[in-house]
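Residue strings, one per chain:
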Amino acid sequence: MMQLYFAATSAYVRKVMVCATVLGLAEEIHRLDSAAHPIERDERIAAFNPLAKVPALRTESGISLYDSRVICEYLNARAQGGLFPQEEDARWQSLARQALGDGIIDAALLARYEYSARPPEKQWRSWADAQLKKVAAALAEIEHQASGFSDRPHDIGLIAIGCALGYLDFRFAELNWRDDHPLTAAWFAVFDAHPAMVATRPHV
């Protein structure tokens, strides 16, 4: 079996598991406990990924893969799936949407780490606020595109965006992002009800 260092709270791990579920590979992945942290390094994860970050996957042939983008593409190739469109314009659009979703997760994580990982006397509110401005700008772009989104997780770009929105619900409920993004909210209500999304919702 493939082995994956797993964290139920990670949006990037969720992205990998949504892909695996859609592709019919979830049962071929053995999930390993991890405690990824920006300060306290988990040496177990480092056995697969020298950066000690999740997700980190080892294939049956012993190849270590890290970064959700690489792992998702590997799973798609393994299953001969269609999560990465081949037609040129559709491919670039999908990859750009993946970058948009991942960018939301990156910025939200940095904002969260400012308060959860730094001691109070070293926290920098302006830094965290700047990260959340990136989130707001990305949400505005998603709202602009949302009317053209499919309601099924069959595209890596939409999977990334869906996992990013789920992470905001999980860690930043106070943002109430739905209030100013009605098209995105309507799309996500359907998209997030797909079995692959339901099965991978974050939890502590």
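Residues numbered from 1 in each chain as written. Predicted model: local features only at pLDDT ≥ 70, side-chain atom pairs only at ≥ 80, totals over all residues. Heavy atoms only, no water.

Enquirer: I'd like a description of the overall build of the protein chain, backed by residues and values.
Expert: Within the protein chain one finds eight helices and four strands. From first element to last, N terminus to C terminus, the protein chain shows the α and β order β-α-β-α-β-β-α-α-α-α-α-α. At 17 Å, the protein chain has a C-alpha radius of gyration in line with the 17 Å of a compact globule built from 204 residues. By principal-axis analysis of the C-alpha atoms, the protein chain measures approximately 45 × 45 × 30 Å. Here the protein chain, with 204 residues, has 44% of them falling under the buried criterion. (Helix = DSSP H or I, 4+ residues; strand = E, 2+ residues; numbered from the N terminus. Rg over C-alpha atoms; globule rule 2.2 N^0.38 Å. Buried < 20%, exposed > 50% of the residue type's maximum accessible area, 1.4 Å probe, protein only.)

Enquirer: Give me the lowdown on the pattern of salt bridges, citing residues and values where you can.
Expert: Per the stated rule, a full pass over the model turns up nine salt bridges. A salt bridge links Asp-102 to Lys-15, with the shortest nitrogen-to-oxygen separation between them at 3.1 Å. Here Lys-15 lies in helix α1 (residues 11–22) and Asp-102 lies in helix α4 (residues 88–116), a separation of 87 residues in the sequence. Comparing Asp-102 with Lys-15 shows no difference in burial state: the two are buried. (Salt bridge = Lys/Arg side-chain N within 4 Å of Asp/Glu carboxyl O.)

Enquirer: Explain the side chain of Asp-155 residue by residue, including any values.
Expert: Note on placement: Asp-155 falls in the loop between α5 (125–145) and α6 (156–171). As a buried residue without a salt bridge, Asp-155 has its nearest oppositely charged side chain in Arg-97, at a separation of 5.5 Å. A polar contact of 2.8 Å, which involves the side chain of Asp-155, links it to the backbone nitrogen of Gly-157. The contacts of Asp-155, once residues within four sequence positions are left out, are Leu-83, Pro-85 and Ser-94. (Lys, Arg positive; Asp, Glu negative; His and termini not counted. Polar contact = N/O pair within 3.5 Å; in protein donor to acceptor, adjacent residues only side chain to side chain. Contact = heavy atoms within 4.5 Å.)

Enquirer: Just give me the short version of the sheet that holds strand β4 (residues 64–66), but keep the residues and values in it.
Expert: As summarised here, the arrangement of the four strands in space is β2-β1-β3-β4, forming an open sheet in which the pairing is mixed. In the strand order of this sheet, the two ends are held by β2 (29–33) and β4, each with one partner. Ignoring which end each strand starts from, the neighbouring axes of this sheet average 25° apart. As paired strands, strand β1 (residues 2–6) and strand β3 (residues 56–58) are joined by three bridges and run antiparallel to one another. Bridging from a neighbouring strand, Leu-4 pairs with Leu-57 of β3. Most of the contacts of helix α3 (residues 68–78) go to β4, to which it runs at about 120°, and overall it touches β1, β3 and β4. (Pairing = 2+ DSSP bridges. Axes fitted to C-alpha atoms, helices over the stretch in contact; angles between N-to-C directions.)

Enquirer: Lay out helix α7 (residues 182–191) in plain terms, naming residues and giving numbers.
Expert: Three or more residues of α7 are buried, namely Thr-184, Ala-185, Trp-187, Phe-188 and Phe-191. Buried residues along α7 cover an arc of 165° about the axis, so they all sit on one side. Facing away from the buried side of α7 by more than 90 degrees, the exposed set consists of Pro-182 and Ala-189. Close packing links the buried residues of α7 with α5, α6 and α8 (195–198). (Arc of directions from axis to C-beta.)

Enquirer: An account of the UniProt feature "domain: GST N-terminal" (unreviewed entry) in the protein chain is requested, with residue identities and associated values reported.
Expert: When the UniProt feature table is mapped onto this chain numbering, "domain: GST N-terminal" (unreviewed entry) sits at residues 1–83. Between the end C-alpha atoms of residues 1–83 the distance is 22 Å, and the span holds 33% helix and 19% strand. (UniProt positions renumbered as here; feature names shortened; annotations may be inferred.)

Enquirer: So what about the packing of α1 against α4? Which residues, and what values?
Expert: Across the interface, α1 lies against α4 with an axial gap of 10 Å and an inter-helix angle of 150°. Judged on the interaxial angle alone, α4 and α1 are roughly antiparallel. Contacts between α1 and α4 involve Ala-11, Tyr-12 and Lys-15 from the former and Gln-98, Asp-102, Ile-105, Asp-106 and Leu-109 from the latter. Across the contact of α1 with α4, the residue classes break down as four nonpolar, one polar and three charged. (Parallel < 35°, antiparallel > 145°, perpendicular 65-115°, else oblique. Nonpolar A, V, L, I, M, F, W, Y, C, P; charged D, E, K, R; others polar.)

Enquirer: Describe in detail unusual backbone geometry, supporting the description with residues and values.
Expert: Trans is the prevailing form of peptide bonds, just as negative phi is the prevailing case for residues other than glycine. Cis geometry is adopted by the peptide bond preceding Pro-55, which originates at Val-54 and carries an omega value of 0°. For Pro-55, the location among the structural elements is in the loop between α2 (43–46) and β3. Phi at Ala-52 is positive, roughly 55°, even though this residue is not glycine. Relative to the helices and strands, Ala-52 is located in the loop between α2 and β3. On the accessibility criterion, Ala-52 (7% relative accessible area) is buried. Residues other than glycine seldom take positive phi values, yet Gln-80 does so here, at roughly 50°. Within the secondary structure layout, Gln-80 lies in the loop between α3 and α4.

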